[in-house]
Amino acid sequence: MSETTNRPLRAASIDRKTNETHIKLSLNVDGTGVSEIATDVHFMNHMLDLFTKHGQFDLRVEAEGDIEIDDHHTTEDIGICLGQALREALGDKRGIKRYANVFVPMDEALAQVAIDVSNRPHLEYRAEFPSAQVGSFTTELVHEFLWKFALEARITLHVIVHYGRNTHHMVEAIFKALGRALDEATSIDPRVTGVPSTKGVL
């Protein structure tokens, strides 16, 4: 139990093994920005590290996959496991702020992420990148990761890259904004009693 809030630790672990990937992931929503990321998709390692640091989560990921084919399955399954862990960690979502809207600049690029921890999965994605690749990473996998994350976490997620010239900067701004928006939306508001919904449930 937290000494300051007297709340249970909001954390979860997922172990998912398929014929294509094996993902071990643990998430502490109320962390301090500590990441231990080891996957076969090195660009995702960098993005998840940014997400963790800017969201002030604790995140540990071990992922092995069929990257001899491509990075698709590993990236997709990390999104699935991260979403499942978030949903489990938040429990009944009692006391959370629920909504957040964050802009993050990264040099010439500007990304916006708006979140509703709603139990209604949806991704609205508006991003066009100058390059289809960042190193060996295919940029269309950013959408794949975000969609599977939103679906499994059961959140409404809007991602907009307003402008940019450097693809790496644009994707980096998305992950930084995602971390910061999720941190805000899942933070506890002491004024909220129960869940922040007129329905009485999220």
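In this report, the structure presented in the accompanying data block is examined. Keep in mind the model is a prediction, meaning the values are calculated, not measured.

Conventions adopted
- Residues numbered from 1 in each chain as written.
- Predicted model: local features only at pLDDT ≥ 70, side-chain atom pairs only at ≥ 80, totals over all residues.
- Heavy atoms only, no water.
- Helix = DSSP H or I, 4+ residues; strand = E, 2+ residues; numbered from the N terminus.
- Rg over C-alpha atoms; globule rule 2.2 N^0.38 Å.
- Buried < 20%, exposed > 50% of the residue type's maximum accessible area, 1.4 Å probe, protein only.
- Contact = heavy atoms within 4.5 Å.
- Areas by Shrake-Rupley, 256 points an atom, 1.4 Å probe, with all protein chains shown as cover.
- Axes fitted to C-alpha atoms, helices over the stretch in contact; angles between N-to-C directions.
- Parallel < 35°, antiparallel > 145°, perpendicular 65-115°, else oblique.
- Left-handed = near helix turned anticlockwise from the far one by under 90°.
- Expected span 1.5 Å × (residues − 1).
- Core = buried A, V, L, I, M, F, W, Y, C linked by side-chain atoms within 4.5 Å.
- Pairing = 2+ DSSP bridges.
- Phe/Tyr/Trp six-rings, centres within 6.5 Å; stacked < 30°, edge-to-face > 60°.

Focus on the overall build of the protein chain
- Of regular secondary structure, the protein chain possesses 4 helices and 10 strands.
- Secondary structure of the protein chain in N-to-C order comes out as β-β-β-α-β-α-β-β-β-β-β-α-β-α.
- Whereas a compact globule of 202 residues would reach a radius of gyration of roughly 17 Å, the protein chain reaches 16 Å, a difference of no more than 12%.
- Considered along the principal axes of its C-alpha atoms, the protein chain spans approximately 45 × 35 × 30 Å.
- Across the 202 residues of the protein chain, 52% fall into the buried class.
- Counting only contacts in the protein chain whose residues sit at least 6 apart along the sequence, the fraction spanning at least 24 positions is 75%.
- As displayed, the protein chain has an accessible area near 9,700 Å², and 47% of this comes from carbon and sulfur atoms.

Details of the packing of helix H3 (residues 140-153) against helix H4 (residues 167-186)
- At a minimum axis separation of 12 Å, H3 and H4 run at an interaxial angle of 15°. Considering their axes alone, H3 and H4 lie roughly parallel with respect to each other. Crossing of H3 over H4 shows left-handed handedness. Residues Val 142, Phe 145, Leu 146 and Phe 149 of H3 form the contact with H4, whose participating residues are Val 171, Ile 174, Phe 175, Leu 178 and Leu 182.

So, the environment of Lys 199
- In this structure, Lys 199 sits in the segment after H4.
- Accessibility expressed as a relative area gives 66% for Lys 199, which makes it exposed.
- Residues Lys 199 and Ala 127, spaced 72 residues apart in sequence, show a C-alpha to C-alpha distance of 33 Å.

Examining helix H1 (residues 42-55)
- Between its terminal C-alpha atoms H1 stretches 20 Å, which fits the 20 Å expected from 14 residues at 1.5 Å a residue.
- Regarding H1, the residues found buried are Phe 43, Met 44, Asn 45, Met 47, Leu 48, Leu 50, Phe 51, Thr 52 and Gly 55.
- The first or second residue beyond H1 is Gln 56, which carries a positive phi of 55°.

Some words on the nonpolar core
- With 62 residues, the main nonpolar core has Leu 146 and Leu 157 as its most contacted residues.
- Residue contributions to this core peak at 10 residues, all from H4.
- Residue contacts for Leu 157: discarding those within four places in its chain leaves Val 113, Ala 114, Ile 115, His 122, Leu 123, Glu 124, Leu 146, Phe 149, Ala 150 and Leu 178.

Structural notes on the pairing of strand E7 (residues 122-126)
- Residue alternation in E7 divides its side chains into a buried set, Leu 123 and Tyr 125, and an unburied set, His 122, Glu 124 and Arg 126.
- One ladder, built from 5 bridges, connects E7 with strand E10 (residues 156-163); its direction is parallel. By the bridge assignment for E10, Arg 126 is matched with Ile 160.

Quick notes on the packing of aromatic side chains
- For the structure on display, the rule yields 4 aromatic pairs.
- A centroid spacing of 4.9 Å and a plane angle of 35° characterise the contact between Phe 43 and Phe 137, whose relative ring orientation is tilted. Here Phe 137 lies in strand E9 (residues 137-138) and Phe 43 lies in helix H1, a separation of 94 residues in the sequence. Judged on exposure class, the residue Phe 43 and its partner Phe 137 are both buried.
- A ring pair is formed by Phe 51 and Phe 57, whose centres lie 5.2 Å apart and whose planes are at 35°; its orientation type is tilted.
- Residue classification places Phe 51 among the buried positions, given a relative accessible area of 2%.
- An aromatic cluster of at least three residues, connected via ring pairs, comprises Phe 145, Phe 149 and Phe 175.

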